[in-house]
Amino acid sequence: MNNQINKFLKFILVIIIFFLPKFNNASEILIYADNISYDEEENIIARGNAKIFRDNQLLVSDLIIFKKKDKKIILPTNFTLKDSNNNFLNGSNGFFNQNLKNGEFNNLKIKLNDGSRIIGNSGKRIGDIDIITKGVYTPCKSRIKIANFVCPTWQLEGEKILHDNKNLFLYQKHSKMRVINTPVFYIPYLVTPSPLRKDRKSGFLTPSLSLNFFDTKTSQSISFPYYFNISMDKELTFTPMINYGAGVDSSQRFSFDYNQIISGGNLSTDLTFDSNFENQNNNKWLSDASLVTNYNQNINEKFKISIDSAFQTSQNYIQITNPNDDLSYKTSLSSKINIEGYNIKNIDDYFKANINFYQINQKNEDNKTTPTVLPNLSYYTGAKTYNNIRFTELYEFYNIFRDKNTTIHSKKQQKISHKFNTSNEFIKFNSKINFRTETYNQIFNIENKLIENNTYHTGSVYRLFPIIGLDILSPFKLKNNKHNLVFTPKSHFVLSPGMSNSNKISNEDSSNNNLSLNNIGSLNRYSGSDKVDNSKRISYGFTVNNEVVRFDLFQLYEFTNNSNFHSEQGNDDHLSDLLGGFEYNKINKFNYNFRYDPNESFLKEQNVNLINNNGFGELKLSYLDQKNKNDGIVTQDTETFNYEYTSKKFFNFSQIKINGLYDLKKEINTEYNLGYSYFDECFGINIDFGRKSYKEDNLNPQDILTFMFSFKNIGSYKSTNLAVSEKDKQDIKWEENDLDNSLFQSNE
């Protein structure tokens, strides 16, 4: 007991002696230990659980010697330093100055607050810089045992490693990456953001090297991306790529990816172009290019503008340079300007102005027949109510033109349209009754519209077209209903002029039309208003549903002999197709929809979808069967089966994905993909195999095998092997990809 009291008194005495001359200086150090003594030079010697506190930093060792005159902390044995950011530094046989800002030590081990580690033979701390000699960096916590050797999944070895704790960058000289202790690449100088870094900084990104195999020839390409942190709201990534080898002239590709945050919006621009600076006898330095721009901006509290454009100098250039971009697979590239306005006069009104230009993106297409929309204006006035009657109005104007007309579209067409809607809904006779009207008041100006063989129409067309409808819904429940089912018989009565749509009007906005449960009760079943529904009809059916299941069955009868929409759907008789659907929605989901033609005793379409969640993962199945008849002959017969399976994580970090499309008519798996992924806390690997098969003799199957390795805080590298056939060319390419660190998981 007395011994403990003596130690405590010595500890207090040391503090008083050490701090009394400068008790107002908050930057002095605090020392305590099991035993504290002095030597003849008045150096403080702390033994046993010795600790030093200073500026939210803690230094711990079994033996600490503080040289008061030199203001130096000597550490003859192992020590641990915890800094103010919860990073830990371990070493031995070293020293620090009094403020713990500078020092040298051996057997260095640094553990950053994200779990990453840096280990070296020796090291120095100079202010915010740690310099490690013969160091190793890894973010991996897990270990792999190879024989008697234990190593992390991957690591970077450097002759010199410099960790900038202030600017948060990691510099490595003569860097070598090891995966499972196997060297995979070497680079003389490597700069990567520190795992602790949150801010952006200009500098070179990790370069990438590609190897391309064409028959017996091999070519290479290398890229050196550079990142410009222009300002807080602007950034630019410039990536030059140089191709060489294979006995061909050299070529270059340059890409610029610019992003800017604007007050109330954003701007992004992607420019890619190919050049042939080194080609012999070359008089054209620019060979191909593409420019994609996206701009969004709030003009004020009511209006916003968006500009999207996509241009390319040759067909399929975007598909070649960036096959993962959605633009690659579009029939045409669109450049458009949209101005949208909300709450202009009324709280729910809406204004939209649109300008559209198109460029054909596929071969064997004529760009002269693609339209230019300059402009397309619409204004929805919002809803007004008077005596329980709801009124809405929609004003539309467009000006559409193309270089030459087609067999179905005119060369030029303008439309001015006013649509007036009313709705009067009330409850009577235990039913919900809704009386609706739609009135179209339109003027069309047309130039060169083909109406008959070699006969063209140019002129104006005026159309006044009212449609009247009555909806009746009568929901009820049965007594002793165990499943809480609601039965809702529904009927819709529609009256409109029997006047058929004029073939003088080019159909520009009503091209996608199909009879479905969603539009069977609509007054105008066409998607736009260039065509209007000239039908007198009644639709009837019922819905049975509760919180889990739903069943629909509907049909309609056409009184009009020349109903345009009805005949375009392939119906020659007055009775329409029978539409039905069933849904089950709980943990597992199932739905079935069908379309049956009773006149032909013919099932035109059926679709089944199943989503099953089980203890092994998620399974999605989809079956589609579509048929069309013309004069009793089947003109279209499609039957496909889609499948997709995503497993749950197994062995903590692994996952399997399978998906594909099987053509039941051609009896061929037109495409399927198999994928395996592994992501632990620092390393990830994706192995994906895909095949696309074709029934046509002139098209060969395509096999794509992709490997992607991902390293936390470094990036990911992908290799794609596209083998058209054994004799045709093969292309193996390694690409650097952006990486989302959230993919990496910990099993803790």
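One can find the structure itself at the top, above this paragraph.
What comes next concerns the included structure. Quantities reported herein were computed from a predicted structural model and do not represent experimental measurements.

### Let's talk about the nonpolar core
Here comes step 1: Membership of the largest hydrophobic core comes to 39 residues, with the highest contact counts inside it found for Leu59, Ile73, Leu89, Phe96 and Trp154.
Here comes step 2: Ranked by residue count, the leading element in this core is strand β3 (residues 44-54), at four residues.
Here comes step 3: Non-local contacts of Leu89, meaning those with residues more than four positions away in its chain, are made with Phe79, Thr80, Leu81, Phe96, Phe105, Leu108, Lys109, Ile110, Arg125 and Asp130.

### So, the state of the cysteines
Here comes step 1: Following the criterion strictly, the structure yields one disulfide and no others.
Here comes step 2: With its sulfur 1.9 Å from that of its partner, Cys140 forms a disulfide with Cys682. Residues Cys140 and Cys682 are joined by a disulfide whose S-S torsion is about 95 degrees; by sign, that bridge is right-handed. A residue pair is termed long-range when its members are at least 10 positions apart, and Cys140 in the loop between β10 (129-138) and β11 (144-146) and Cys682 in the loop between β42 (668-679) and β43 (683-692) qualify at 542 residues.
Here comes step 3: A relative accessible area of 0% places Cys140 in the buried class.
Here comes step 4: Judged by its relative accessible area of 0%, Cys682 is buried.

### Let's talk about the side chain of Lys449
Here comes step 1: Here Lys449 shows up in strand β31 (residues 431-452).
Here comes step 2: The side chain of Lys449 sits in the buried core without any salt bridge; Glu508 is the nearest counter-charge, 9.0 Å away.
Here comes step 3: With residues up to four places along the chain from it excluded, the contact list for Lys449 reads Ile408, His409, Ser410, Thr455, Tyr456, His457, Asn503, Lys504, Ile505 and Ser506.

### With respect to the pairing of strand β33 (residues 486-495)
Here comes step 1: Pairing analysis gives six bridges linking strand β32 (residues 455-473) to β33, with the strands arranged antiparallel. When the sheet's bridge partners are listed, Asp471 is paired in β33 with His492.
Here comes step 2: Sheet analysis places β33 next to strand β34 (residues 537-545), joined by nine bridges and oriented antiparallel. Across the sheet, residue Pro489 finds its bridge partner in β34, namely Phe542.

### Comments concerning the side chain of Arg178
Here comes step 1: The topology assignment puts Arg178 in strand β14 (residues 169-179).
Here comes step 2: Among the residues examined, Arg178 registers a relative accessible area of 16% and is labelled buried.

### Examining unusual backbone geometry
Most peptide bonds take the trans configuration, and most residues that are not glycine carry a negative phi.
Here comes step 1: Omega for the peptide link from Leu374 to Pro375 comes to -5 degrees, which places this bond in the cis form.
Here comes step 2: The phi angle at Asn93 is positive, at roughly 50 degrees, despite the residue not being glycine.
Here comes step 3: Positionally, Asn93 belongs in strand β7 (residues 88-97).
Here comes step 4: When its relative accessible area of 52% is taken as the criterion, Asn93 is described as exposed.

### A word on a nonpolar patch on the surface
Here comes step 1: Together, Ile416, Ile443, Tyr462 and Leu464 make up an exposed nonpolar region whose accessible area comes to about 420 Å².
Here comes step 2: For Ile416, the position within the fold is in strand β30 (residues 412-428).
Here comes step 3: Since its relative accessible area comes to 49%, Ile416 is described here as partly exposed.

### Section: the pairing of β32
Here comes step 1: Relative to β32, β31 is paired through 18 bridges, and the arrangement is antiparallel. Bridge assignment links Asn441 to a residue of β32, and that residue is Leu464.
Here comes step 2: Here β31 folds back onto β32, and the loop between the two strands holds two residues, one of which, Asn454, carries a positive phi near 60 degrees.

### Description of the pattern of salt bridges
Here comes step 1: Tallied over the entire structure, the rule returns 22 salt bridges.
Here comes step 2: In this structure, Lys415 engages Asp509 in a salt bridge whose closest nitrogen and oxygen atoms are separated by 2.9 Å. With Lys415 in strand β30 and Asp509 in the loop between β33 and β34, this residue pair connects regions lying 94 residues apart in the sequence.
Here comes step 3: By relative accessible area, which is 1% here, Lys415 ends up buried.
Here comes step 4: Measuring nitrogen to oxygen at the nearest pair gives 2.7 Å for the salt bridge that ties Asp471 to Arg436. In this pair, Asp471 is assigned in strand β32 and Arg436 in strand β31, connecting sequence segments 35 residues apart.
Here comes step 5: A residue is classified by how much of its surface remains accessible, and Asp471, at 7% relative accessible area, is buried.
Here comes step 6: We classify Arg436 as buried; its relative accessible area is 17%.

The rules behind the values
- Residues numbered from 1 in each chain as written.
- Predicted model: local features only at pLDDT ≥ 70, side-chain atom pairs only at ≥ 80, totals over all residues.
- Heavy atoms only, no water.
- Core = buried A, V, L, I, M, F, W, Y, C linked by side-chain atoms within 4.5 Å.
- Buried < 20%, exposed > 50% of the residue type's maximum accessible area, 1.4 Å probe, protein only.
- Helix = DSSP H or I, 4+ residues; strand = E, 2+ residues; numbered from the N terminus.
- Contact = heavy atoms within 4.5 Å.
- Disulfide = S-S within 2.5 Å.
- Lys, Arg positive; Asp, Glu negative; His and termini not counted.
- Salt bridge = Lys/Arg side-chain N within 4 Å of Asp/Glu carboxyl O.
- Pairing = 2+ DSSP bridges.
- Patch = residues over 30% accessible without salt bridge, like charges linked within 9 Å, V, L, I, M, F, W, Y side chains within 5 Å.
- Areas by Shrake-Rupley, 256 points an atom, 1.4 Å probe, with all protein chains shown as cover.

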